[in-house]
Amino acid sequence: MKYDFDAIIDRSENHSAKYDERKKKFGTEDVIPLWIADMDFKTCQPVIDALTKRAQEGIWGYTARPDSYFAAIRAWQKRRNGWEIDPSLMSYSLGVVQSISACVKLFTPEGGNVLIQTPVYSEFYDMTEAWNRNVLENRFLEKDGKWSMDWEDFEEKLQQADLFLLCNPHNPLGMVWEPEELRRMAELCMKYHVKLFSDEIHSDLLFHGKKHTPIATLSPEIANYVMTGISGTKTFNLAGLQASTMIFPDLHTKQVFDHFWTNMDIHRNNAFSLTAMEAAFSQGGEEWLEQLLPYISDNFDFVVDYCEKHIPKIKTYAPDATYLMWLDCRELGLTNEELHDFMIQKAKLGLNDGCSFGRSLNGYMRLNAACPRSILEKALKQLEAAVNAL
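In this report, the structure presented in the accompanying data block is examined.

What counts and how
- Sequence order sets the numbering: in each chain, residues are counted from 1 along the sequence as written.
- The predicted nature of this model means local features are confined to residues of pLDDT at least 70 and side-chain atom pairs, given and counted, to a pLDDT of 80 or more, with totals for whole chains, interfaces and linings taken over all residues.
- Note that the side-chain values use all heavy atoms of the structure and ignore hydrogens as well as water.
- Under the scheme used here, helices are H or I runs from DSSP no shorter than 4 residues and strands are E runs no shorter than 2 residues, and both carry numbers assigned from the N terminus.
- Among the buried residues, those of types Ala, Val, Leu, Ile, Met, Phe, Trp, Tyr and Cys that are joined through side-chain atoms within 4.5 Å form a nonpolar core.
- Burial classification: accessible surface area is computed with a 1.4 Å probe over protein chains only, and a residue below 20% of its type maximum counts as buried, one above 50% as exposed, and the rest as partly exposed.
- For this analysis, residues touch if any pair of their heavy atoms sits within 4.5 Å.
- Axis definition: a line fitted to C-alpha atoms, limited for helices to the stretch in contact. Angles are taken between N-to-C directions and run from 0 to 180 degrees.
- When the near helix sits turned anticlockwise from the far one by under a right angle, the crossing is termed left-handed; a clockwise turn instead gives a right-handed crossing.
- Three classes are used: nonpolar for Ala, Val, Leu, Ile, Met, Phe, Trp, Tyr, Cys and Pro, charged for Asp, Glu, Lys and Arg, and polar for all others, with Gly counted as polar.
- Angles are sorted into four bins: roughly parallel if under 35 degrees, roughly antiparallel if over 145, roughly perpendicular if 65 to 115, and oblique for all others.
- By this definition, two strands are paired if DSSP reports at least two bridges between them.
- Note on handedness: a clockwise path from strand one over the helix to strand two, with the strands aimed away from the viewer, defines a right-handed crossover.

## Things to note about the environment of Trp-326
Here's step 1: Looking at where Trp-326 falls in the secondary structure, it is placed in strand 11 (residues 324-328).
Here's step 2: Each C-alpha atom of the pair Trp-326 and His-202 lies 16 Å from the other, and the pair is 124 residues apart in sequence.

In structure tokens:
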């Protein structure tokens, strides 16, 4: 079927965090919300149909997790990424961020060190510090708007680390790692005996002919070393249903993880997330995704073109992954606090502050481009007017 991504969906009545938390986050509801990483698009029709049918059954008691749940995820990964996942090493989780939190707690010592690559989304900081672990930053190098790894610093920091959190693909920079880069990271982790967690939640959202490489597919040795978090929630805009999957290197690591959640009695599926995930992965979600990706790619191009022509002081680029854009606002000459206030009070936009992704950064913002183009156009016109009034 043909999907309409230009349709404006009123989310103000469905308790959407993106809209209903504007007052809490920005101090006002008078902003266009382009911040939190979910999309302003309806999900695929097979998911809507499956959830409607499930809702009409009228009984949503304790819900078992059938073999078909993991089979649907395995089939998707094999089809899209060539990844043959051992089902005995798969575990259900509420979300990738929750999995990161659990792995920080379970697989690092009290007061230990967790290596992250910044700028990166703020939960990498938050889940580390929540368990009284120390953040080690391997800061990306930036030159003329291009970001790359500092390999010398990476290896130096690894020698102090207990766990490395990899964002693959990368949020917010939209980088798709090449296989040789991933292999080098993994081999260095193995050399220094540092556990590796790969967050691959955005792996279906790729552009410009790029291909995702699950790091666990690089070699049997690397697969035996890596913990991977995946989910369909970003792909199909289902974050409110809370479901993800962990793939472990061995049964012992999986058992440690599973025991942690079982101790909190979190071991069954949500009735609706089970239904949604199976439908998305096996009943027609791919058709929706193949229409979504070109629309988002065109949104990227629209934003880049608009900034180049009308707001040249703000630099951006079309990312190779995610639906998030990184805005370089340094030419505005504002401090982080001033830039935060400017976007809210003058441009009337609700964006993410760049300094939450890298605490040493100044002058950046993150923009969520997964919305109807008319919303982006309105937002950019407001931003243009605000910049011109500086």
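Additional details are given in the paragraphs that follow.
## Quick look at the nonpolar core
As a rule of thumb, soluble globular proteins bury nonpolar side chains together.
Here's step 1: Residues Trp-288, Leu-292, Ile-296, Ile-314, Met-343 and Leu-383 are the most contacted members of the largest nonpolar core, which totals 71 residues.
Here's step 2: Once residues lying within four places of it in the same chain are set aside, the contact partners of Leu-383 are Ile-311, Ile-314, Phe-342, Met-343, Ala-347 and Leu-349.
Here's step 3: Counting residues in hydrophobic clusters, the runner-up holds 53 residues, among them Val-104, Met-149, Leu-158 and Met-227.

## Brief notes about the packing of helix 3 (residues 45-57) against helix 12 (residues 271-282)
How two helices sit against one another is set out by the angle between their axes and by the gap between those axes.
Here's step 1: Running from N to C, helix 3 and helix 12 cross one another at 145°; their axes reach a closest spacing of 8 Å. In this structure, helix 3 crosses over helix 12, and the sense of that crossing is right-handed. Touching Pro-46, Val-47, Ala-50, Leu-51, Arg-54 and Ala-55 of helix 3 are Ala-271, Phe-272, Thr-275, Ala-276, Ala-279 and Ala-280, all from helix 12.
Here's step 2: Split by residue class, the contact of helix 3 with helix 12 holds ten nonpolar, one polar and one charged.

## Looking at the packing of helix 4 (residues 67-81) against helix 13 (residues 285-310)
Here's step 1: Close contact between helix 4 and helix 13 brings their axes to 13 Å; oriented N to C, the two are set at 40°. The orientation of helix 4 relative to helix 13 falls into the category oblique. Helix-helix and strand crossings are classified by hand; for helix 4 and helix 13 the assignment is right-handed. Contact residues: Trp-76, Arg-79 and Arg-80 in helix 4; Glu-286, Leu-289 and Glu-290 in helix 13.
Here's step 2: For the contact of helix 4 with helix 13, a count of residues per class yields two nonpolar, no polar and four charged.

## Here's the deal with the environment of Phe-248
Here's step 1: Its place among the elements puts Phe-248 in the loop between strand 10 (244-247) and helix 11 (251-262).
Here's step 2: Note on Phe-248: relative accessible area 2%, which makes it buried.
Here's step 3: Sequence-distant contacts of Phe-248, defined by excluding residues within four places in its chain, comprise Leu-89, Ser-91, Val-226, Met-227, Thr-253, Lys-254 and Phe-257.

## So, the pairing of strand 4 (residues 134-139)
Here's step 1: Two strands pair when backbone bridges link them, and strand 3 (residues 113-118) and strand 4 are joined in this way by six bridges, in the parallel orientation. Bridge pairing in strand 4 places Asn-113 opposite Asn-134.
Here's step 2: Tracing the backbone out of strand 3, into helix 6 (residues 123-129) and back to the parallel element strand 4 gives a crossover that is right-handed.

## A word on unusual backbone geometry
Here's step 1: Omega for the bond connecting Thr-118 with Pro-119 falls within 30 degrees of zero, at 5°, which places this linkage in the cis form.
Here's step 2: Mapped onto the elements, Pro-119 comes out in the loop between strand 3 and helix 6.
Here's step 3: Following Asn-171, the chain continues to Pro-172 via a peptide bond in cis, the omega torsion being 25°.
Here's step 4: As for its position among the elements, Pro-172 is in the loop between strand 7 (163-167) and helix 8 (179-191).

## Here's the deal with the sheet that holds strand 8 (residues 195-199)
Here's step 1: Taken together, the seven strands give an open sheet; going across it, the order is 2-10-9-8-7-3-4, and neighbouring strands pair in mixed fashion. Two strands in the sheet have a free side with no partner beyond their single neighbour: strand 2 (90-93) and strand 4. Strand after strand, the sheet turns through a mean of 25° between neighbouring axes, direction not considered.
Here's step 2: Relative to the sheet, helix 11 contacts strand 2, strand 9 (226-230) and strand 10, its axis offset from that of strand 2 by approximately 20°.

Interpretation note: all reported values are geometric properties and have no functional meaning in isolation.
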